[in-house]
Structures are given as C-alpha cells and as structure tokens.
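Given next are the chains, with one letter for each unit.
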Amino acid sequence: MKTKKTIITYGTYDMLHVGHMRLLERAKALGDYLIVGVTDENYDRSRGKLNVVESTKKRVKSIEALDFVDKVIVETHKNQKAEDMVEYDVDIFAIGDDWVGAFDYLNEYTHVEYLARTEGISSTKLRKENFDTIQLGIVGLGRDTQAFIDEAAFVSNVKINRIYSPDFLAVKKYTKKSNVIKYGHDNYDDFLDTGIVAVYIDTELEAHYNLIKKAILAGKHVLCENPLALHKNELKELLSLAKEEKVLLLSALKTAFLPAFNQLLAELEDGIIGEVKEVRATRTSLFKEQDYPDSFMEQGATNILSSYPSLLVNKILGKSKDITFFDQGSEGYDVSNLIVSKHKGGAVGVSRVATGIKSEGTAVISGTKGYIHIPAPWWLTKKFYVRFEDKHKSQTFNYEFDGDGLRYMIAEFASLIQRGKRKSKMLTPSDMVGINRVLLEYNERKINENKKQKQKEKEA
Ligand code: C2G
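Presented here is a report on the structure given in the accompanying data block. Just so it is clear, the model here is predicted, and its values are computed rather than measured.

1. Some remarks on the site of the ligand
- Around the ligand, a shell composed of 21 residues is seen, among which Glu75, Lys81, Asp98, Thr118 and Ile121 lie nearest.
- At a separation of 2.8 Å, an oxygen atom of the ligand approaches a polar backbone atom of Tyr13.
- The side chain of Arg47 places a nitrogen or oxygen atom 3.0 Å from an oxygen atom of the ligand.
- About the coverage of the ligand: the protein hides 96% of its 630 Å² of free accessible area.
- Of the residues forming the shell around the ligand, the biggest block, 3 residues, is contributed by helix H1 (residues 18–29).
- Across the shell around the ligand, the residue classes tally to 7 nonpolar, 8 polar and 6 charged.

Written as structure tokens, this is what we have:
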C-alpha cells in the first residue's frame, strides 16, 4: 500500500515572492512529498510569458533552496503535466485559483486542487517596480516598421511614440494616421536627443551603418534590420563601438528569437539526429509584385535575403570556412544566389536566396541518424518534424504563435536592456559576424570584380 502522498505543482517563479511561497507551502501541506515543476525559458515564451527576468537555472536554484520542496523538475512542453502525473504517481496536482478550470483535464490522471491566490503581489508588479519601461524610437519607414509597432504592443515593458525619417512629408503623414506614434522628426540629432533609450532601425540597407554609429555614440541601444553594415570592416567597427559605449547592438533577425527555433537548436545540441552534416535553407520573395521600388531591388538578393539562411547555417554548423557563390544577375545586381559553405568536420551549408525566382521556403537539416524538416516559411518557425529511417520514431514539435513573430525579438531586446545585459545568448556578436560573413564576402568579391572590369576597360 502507498503511504506517501505525492503533490505536484508548476510555475515560473520569476523573482520568487511571498505569493509563490504561500502557494508552495499550502501545496506541501496537502501531503508528504512535494514536486515542483519550474517552466523553462522556451516554454514560457511559447505560452506568451515574454518578460521573465530570471534564467531557468536561477529560478530552479531558488526553488531548490526551499527546505520543504522535495524534488524540482523542469517543465519544457504543454503535454508534460499529464506525463509527469503518470511518471511520478502523483496524488494531487495543486495550482493557484487564477487557473480555475484550465487543468480540469488532469482529473483523468490525478486529483486537481485549485488553491487561493495571494492578492496584491505578482512578478509583473515586481518587474514594473524594479525596472523602467524602455522608451524606444523608430528610425525609418521600412518594410517591417508597421509590423514592429503592432507587435511591440504585446510587449509590456516597451513604449513607442516617436519616429524619425529624413522624409518630412512621409513622417507627417505617418504621425497623422497613427494612434501610437505621436511625435515625428526629420532631424536625426533632435530625435536622438529626446528621452528614448533605444532605437529600432528599418531603412534602406546603405543607411544602416551611419544611423547605427550615431545612435551608439548618443548612448542608445540599437536593434537594426540585418545587415547592420554592407562592408567588412564596418560591422566589426560597430560591434566594438557598441562594446566601448556599453550599449546593446542587435540584428533584428526575428527567427533567432522564436521559441520553436530555439527548441530546434536545443534538440540538435542534444543529438536528436546525430551529427549534423548538412543544412539547406531557401528564402525567396518576388518583391516586385508587392510594388517595391527599383532602388530596393538593386540592393541585390544576397544583401536583402541571405541573413536568414545564414542564421540557420551558422547557428547549427558554426563559422563558414569556405564560401562559393552561384549567382544569377540582371541589370547589374543579383536576383538569385546559391551559396555553398564549408564548415567544421566537413559539414556543408546550402543557402538559396532569390528576388527574381520563386521557390519553396523550406529548410532541411541532415544528420547521421535522421533529419529535421521545417515547413515553409521556415524562418517563421512554428513547427518542425524529426524523421528517421524507422518512420514510427518520427516526432513533431509544435509552437504556434499569433502575429508574425516580432514580439519575441522585441521582448528579448527590452529585457536585455532592463537587466543591464549587452549580449543576447540567442544572437551573440560572434553569431552576427558569422551570419554576415556571407553577404560581406559577396559584396567584397563584387567590388573586386568591378575594379578588375574597369581596369580591363581602361587597358582596352
Ligand atoms: N501565485 C499565487 N499568488 C500570487 C502569484 C502567484 O498564489 N500572487 C501562484 C500561481 O497561482 C501559481 C504559482 O504561484 O500556482 C506560480 O505562479 P507563476 O510563477 O506566475 O507561474 P504560472 O504562470 O501560474 O504557472 O506550467 C506552469 C503553470 O501552469 C502555471
């Protein structure tokens, strides 16, 4: 006969407070053995908790330090609760009454008990009291500006009400119709001289370098669409300048911050498909059909699109050692490029980008034991399939989200600033250098080719 009564409860326990403690103490009082499941970062972000301040490790440590807690586990996915009820032969599942009804389905496995929540205290309140809201200014009226402003509304620690663009009429028109942006500037210095602590830059690519440099020198944290710069030395210069000025400089590569994308990297790290030998990713868009001006297209497919495939290739295979380009051009710029890169251990990266050819935007990661398929559009990673020779072993990972994924990036940017961090683990400065190596090298080769061509013409 079972003598010990096992209780289980779950939570994030960010900035552990008296509300959490009371809940845990009362849960323990229901039996003899208390198991606490602490949610991990990816899982929290996938369920919409974007502003958690403490790392999983830190939160686990705080719970482990409580002498009345008998076991601490980490919760990584939605179905885990039911699995845990069986694995630990749980007698009671206890949770705060803010969740009334939500976990009734677990009555099938155990007895569900909702306990009264402590009024007047919450992690959200503590975060508000301890951290200032990030005042963020928008630079430019690019293709992601509106989506950025819309998505930032879901991130509680960010406030946006200011925009800069050198185009006075465009700024005026925008502020007039926007409910969010109240102040428009056509002078960058004046804009930087306001109360903003950070900027998001979304302009034509050539303007990035100067705009970033000025913002950093004014002491602002910078989130900028990739590429941050179009020439080799400029990127390194910006990264070291940000370090010197102690500000955060981050590429706005939204994929890098998605919960599913980070889960995929964690699974690969755990060896789910063995050793990874090849990464293939395609990203194409016929911008012309969406009324983009010629000047936009002239930036070239590699500059506009290669950052995303390079992110996947670099995050998984590391630094590219040797890069080969198979480009197709039109009117002096590339409209398609097949980029093959070599990596540690002989692994190969194949990135395909095009603005003049349409193709399927999928990604496949091949390993010695199996492969992962990310369906199109892979860069909005919501789902991925793990496949093996034995088809019964296949697994599907699903992390649906609303909107277009920008909120995860905005939340990470704001939370790093609030916590005084100058690097994101999800996209480190060396990741940014690695990702940009492809397009910087391509630009360098183009410049050299043009020089040679001009020299030839001179000699002829
Ligand atoms: N809690 C409480 N009183 C408060 C705040 C929180 O009793 N003032 C309780 C919550 O009801 C929950 C626990 O403390 O039972 C942990 O709360 P959170 O850290 O906010 O975690 P939560 O998002 O509720 O986790 O799998 C995760 C769980 O489903 C829910």
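Having put the structure on the table, let's press on.
2. Points about the sheet that holds strand S8 (residues 183–185)
- Read from one edge of the open sheet, 6 strands run S8-S7-S6-S9-S10-S11, paired in parallel fashion. Either end of the sheet is taken by a strand with one partner, and the two such strands are S8 and strand S11 (249–251). The average angle at which neighbouring strand axes cross in this sheet is 25°, direction not considered.
- As defined by bridge partners, strand S10 (residues 221–224) adjoins S11 across 3 bridges and the pair is classed as parallel. Looking across to S11, one finds that Leu223 is bridged to Leu250.

3. Section: helix H4 (residues 80–87)
- Regarding H4, the residues found buried are Gln80, Lys81, Ala82, Asp84 and Met85.
- Where H4 is buried, its residues contact strand S1 (6–11), helix H2 (41–46), strand S3 (71–75) and strand S4 (92–96).
- Phi turns positive one or two residues past the end of H4, at Asp89, with a value near 50°.

4. Some remarks on the packing of helix H14 (residues 307–317) against helix H16 (residues 429–459)
- At a minimum axis distance of 9 Å, the contact between H14 and H16 shows a crossing angle of 130°. When the axis of H14 is compared with that of H16, the two are oblique. Along this stretch, H14 crosses H16, giving a crossing that reads as right-handed. Contacts between H14 and H16 pair Ser307, Ser310, Leu311, Asn314 and Lys315 from the former with Asp431, Gly434, Ile435, Val438 and Leu439 from the latter.
- Residue composition of the contact of H14 with H16, grouped by class: 4 nonpolar, 4 polar and 2 charged.

Conventions and cut-offs
- Residues numbered from 1 in each chain as written.
- Predicted model: local features only at pLDDT ≥ 70, side-chain atom pairs only at ≥ 80, totals over all residues.
- Heavy atoms only, no water.
- Near = heavy atom within 4 Å.
- Polar contact = N/O pair within 3.5 Å; in protein donor to acceptor, adjacent residues only side chain to side chain.
- Areas by Shrake-Rupley, 256 points an atom, 1.4 Å probe, with all protein chains shown as cover.
- Helix = DSSP H or I, 4+ residues; strand = E, 2+ residues; numbered from the N terminus.
- Nonpolar A, V, L, I, M, F, W, Y, C, P; charged D, E, K, R; others polar.
- Pairing = 2+ DSSP bridges.
- Axes fitted to C-alpha atoms, helices over the stretch in contact; angles between N-to-C directions.
- Buried < 20%, exposed > 50% of the residue type's maximum accessible area, 1.4 Å probe, protein only.
- Contact = heavy atoms within 4.5 Å.
- Parallel < 35°, antiparallel > 145°, perpendicular 65-115°, else oblique.
- Left-handed = near helix turned anticlockwise from the far one by under 90°.

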